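Chain and residue survey
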Amino acid sequence: MSFSVSIRDRVSATGIESENDNIVNVPITIIVLDENDNPPEFQNVPYETEVLENALPGTTIFDGILVTDRDTVGENLDVSCIPQPQNPDACEKFAIEVTESQQDRLTAAVVLKQPLDYNERMIYQVLLDASDGLYNASAGLEIHVRDVQNAPPVFQGSLAAVINEDSPIGTLVMVIQARDGDRGQPRKIVYELVTNPMDYFLLDKHTGELRTAKPLDKEALPDDTGLIILTVKARELVDGVPGNDNLTVASTQASITIRDVNDSPPMFNKTEYFVSLSENTAPGTPLPLEISVRDPDVGENAEFALRLNDVSNVFDVEPKLVTGSSQISIRVANGTLDYENPNQRKFIVLLIAEETKTNPKLSSTATLTVAITDANDNRPTFEQDSYSTTVSETAHPGQLITTITAKDLDSGLYGDQGIRYSLSGTGSELFSVDAITGAISVADCPGSGVERTAGEMQPVAGQLVRRRRRQIPTRSDLQHEQHQNASARGIEYMTYRIVNSGESNEYHDVNVIAPPTISTLYDSFETTTLEQQQ
């Protein structure tokens, strides 16, 4: 801002202005400095845009953000997205990218960060905040998500029905309904019956009404439950033509049960059942069987009772009363099963289902055969608690001394076939036993020579070497030892062990009387000097 100041010096004594006055003109310039005293302003508001739901992340969906500031001082303008409770994910779906930023002007664009789904949210409200470092301003951006035809039809409602077999032709069975999976601009749907067992039904392609096409016959169906499975297709009309791809076609199954007319007894899913049980099955254990029973009638005609004809009273059935259909559980009820009892190796039980409120009371039966299998629940036993035998001091290795056998009440490998014999105890190393037959014989003599354990050093010339000798005691040695030490040592025993190799690995030890050992004669040592090897 500029202006001029004039100074007049009057020369007249009267003080009146005249041409002779001295006049001085002084120019003055004033500079007004700007201050950041105005907030930024969004231009061209309100903001609104559209985006296709199949737009890829990174797509710029709006580039019309413009912010101005009348001040030319202060920080450069900036704009950001402010989360809101009603649109908590808006700032996660979209990003604000500044394209130009000065102290008095800013331009920015909105970029898609995450995929969109029209069916999840159709409108996003984005709150924008502009700042010049001191003042702020806000504006809203409304983003409309446009639907894209990328979802197949969706079936609605129940797809199951029951119809009596005496229903007349044209009876309405059900109405099949489907809608376009895209809700923005949904297309019309037409229907098609893909599979139609026995050609029992007709489907109206426009209304979805499913009706009977001819008389029904439950007994003619391969499934005695009367269940028929239909496959139905729903197609979107694209420009009046039914679609034929995964985005316009959907398939589903409809189940229809043809119900018999009050003339059938309750029926089991099988007429015979077979199962094997271990003899150690605990009471209360259910039999591993898939048993079901069904009466196709309705109301009181479908109420029936279940019971067992079981003379052994070993088993029980649940439930006792059924309406319509049910799974059946048969359990071990009383007593303990024992395979070793011949009368408990097989049970034949009659399963009976009988109507309770009809006249006459229709019924049906099924046979249950239960085979009991052996378990390794008996220990092997000897006929005696101890055995005694003699052997000559001159007996040679391999000479048979005696054979002792045991018995096991179990069968197969759980019984006698699984018995294995072994020896243990004092002096047992002098004898060997056949693990299968139980035959006891004199063992082979131990080897001779210098004994070395693993890692022992090889002896060298001049080194003292200690050799161990072992010999069978003679009868006089035994008598001498017994006379000297009978009171101190008494009679010793050799343990004869029997082991069952089945699941339990049970065993019994039986003591066999044997002569006392002669330790001084059994083991002796001599020391020699190893000579220089040639």
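Above this text sits the structure in question.
Report follows, based on the coordinates. Worth saying up front: this structure is predicted, and the values here are computed from it rather than measured.

Here we look at the overall build of the protein chain
- If you tally the helices and strands in the protein chain, you get 3 helices and 40 strands.
- By residue count, 35% of the 534 residues in the protein chain fall in the buried class.
- Contacts in the protein chain between residues far apart in sequence, at least 24 positions, make up 65% of those at least 6 positions apart.
- Roughly 31,500 Å² of accessible area belongs to the protein chain as shown, and the carbon and sulfur atoms make up 49% of that amount.

Quick notes on a nonpolar patch on the surface
- Judged by side-chain polarity, Met 1, Phe 3, Val 5, Ile 7, Val 24, Val 26, Ile 28, Ile 30 and Val 32 come together as a nonpolar surface patch covering roughly 770 Å² of accessible area.
- Those elements giving two or more residues to the nonpolar patch turn out to be β1 (2-9) and β2 (22-29).
- Position of Val 32 relative to the elements: it lies in the loop between β2 and β3 (41-43).

A word on the nonpolar core
- One finds Phe 42, Ile 65, Phe 94, Val 110, Leu 128 and Ile 143 to be the most contacted residues of the largest nonpolar core, which totals 30 residues.
- Looking at this core, the elements with two or more residues in it are β4 (47-52), β5 (60-68), β6 (78-82), α1 (90-93), β7 (94-101), β8 (105-112), β9 (123-131) and β10 (136-146).
- No other element matches β10, which puts 5 residues into this core.
- In contact with Phe 94, not counting residues within four places along its chain, are Ile 61, Val 110, Val 111, Leu 112, Lys 113, Leu 116, Tyr 124, Val 126 and Ile 143.
- Of all hydrophobic cores here, the second largest spans 28 residues; its members include Phe 268, Val 293, Val 314 and Val 322.

Comments concerning the state of the cysteines
- Summed over all chains, the structure comprises 1 disulfide.
- Disulfide pairing places Cys 81 opposite Cys 91 at an S-S distance of 2.1 Å. In this structure the cystine formed by Cys 81 and Cys 91 twists about its S-S bond by roughly -80°; its chirality is therefore left-handed. Residue Cys 81 is found in strand β6, and its partner Cys 91 is found in helix α1; the two are separated by 10 residues along the sequence. Across the pair, exposure class does not vary: Cys 81 and Cys 91 are buried alike.

A few points about the sheet that holds β4
- Ordered by their spatial adjacency, 4 strands build an open sheet running β4-β10-β9-β6, and the pairing between neighbours is mixed. Because the sheet does not close on itself, it has two edges, and the strands there are β4 and β6. Shown here is a sheet whose adjacent strand axes are inclined to one another by a mean of 30°, direction ignored.
- Relative to β9, β6 is paired through 5 bridges, and the arrangement is antiparallel. By the bridge assignment, Cys 81 is partnered in β9 with Leu 128.

What about the sheet that holds β8?
- If you walk across this open sheet you meet the 4 strands as β3-β5-β8-β7, and the pairing is antiparallel. Looking at the sheet topology across the chains shown, the edges are occupied by β3 and β7. Adjacent strand axes in the sheet meet at a mean angle of 30° when their direction is disregarded.
- By the bridge criterion, 3 bridges tie β3 to β5 in an arrangement that is antiparallel. Across the sheet, residue Gln 43 finds its bridge partner in β5, namely Leu 66.

Observations regarding the pattern of salt bridges
- Under the criterion given, the structure shown has 10 salt bridges.
- Between Arg 187 and Glu 236 there is a salt bridge, and its shortest N-O distance comes to 3.1 Å. Here Glu 236 lies in strand β18 (residues 227-238) and Arg 187 lies in the loop between β14 (177-179) and β15 (189-195), a separation of 49 residues in the sequence.
- A relative accessible area of 25% places Arg 187 in the partly exposed class.
- Taking the shortest distance from any N to any O, the salt bridge between Arg 235 and Glu 192 comes out at 3.0 Å. Here Arg 235 is found in strand β18, whereas its partner Glu 192 is found in strand β15, with 43 residues between them in sequence.
- A relative accessible area of 13% places Arg 235 in the buried class.

Structural notes on the packing of aromatic side chains
- The full count for this structure, using the stated rule, is 5 aromatic pairs.
- Relative to Tyr 47, the ring of Phe 42 has its centre 6.2 Å away and its plane inclined at 75°; by these criteria the two rings are edge-to-face.
- The class for Tyr 47 is buried, based on a relative accessible area of 4%.
- Site record: aromatic cluster; members linked through ring pairs are Phe 42, Tyr 47 and Phe 62.

Criteria and cut-off values
Residues numbered from 1 in each chain as written. Predicted model: local features only at pLDDT ≥ 70, side-chain atom pairs only at ≥ 80, totals over all residues. Heavy atoms only, no water. Helix = DSSP H or I, 4+ residues; strand = E, 2+ residues; numbered from the N terminus. Buried < 20%, exposed > 50% of the residue type's maximum accessible area, 1.4 Å probe, protein only. Contact = heavy atoms within 4.5 Å. Areas by Shrake-Rupley, 256 points an atom, 1.4 Å probe, with all protein chains shown as cover. Patch = residues over 30% accessible without salt bridge, like charges linked within 9 Å, V, L, I, M, F, W, Y side chains within 5 Å. Salt bridge = Lys/Arg side-chain N within 4 Å of Asp/Glu carboxyl O. Core = buried A, V, L, I, M, F, W, Y, C linked by side-chain atoms within 4.5 Å. Disulfide = S-S within 2.5 Å. Pairing = 2+ DSSP bridges. Axes fitted to C-alpha atoms, helices over the stretch in contact; angles between N-to-C directions. Phe/Tyr/Trp six-rings, centres within 6.5 Å; stacked < 30°, edge-to-face > 60°.

Fair warning: the whole summary comes from geometry, so function is off the table for now.
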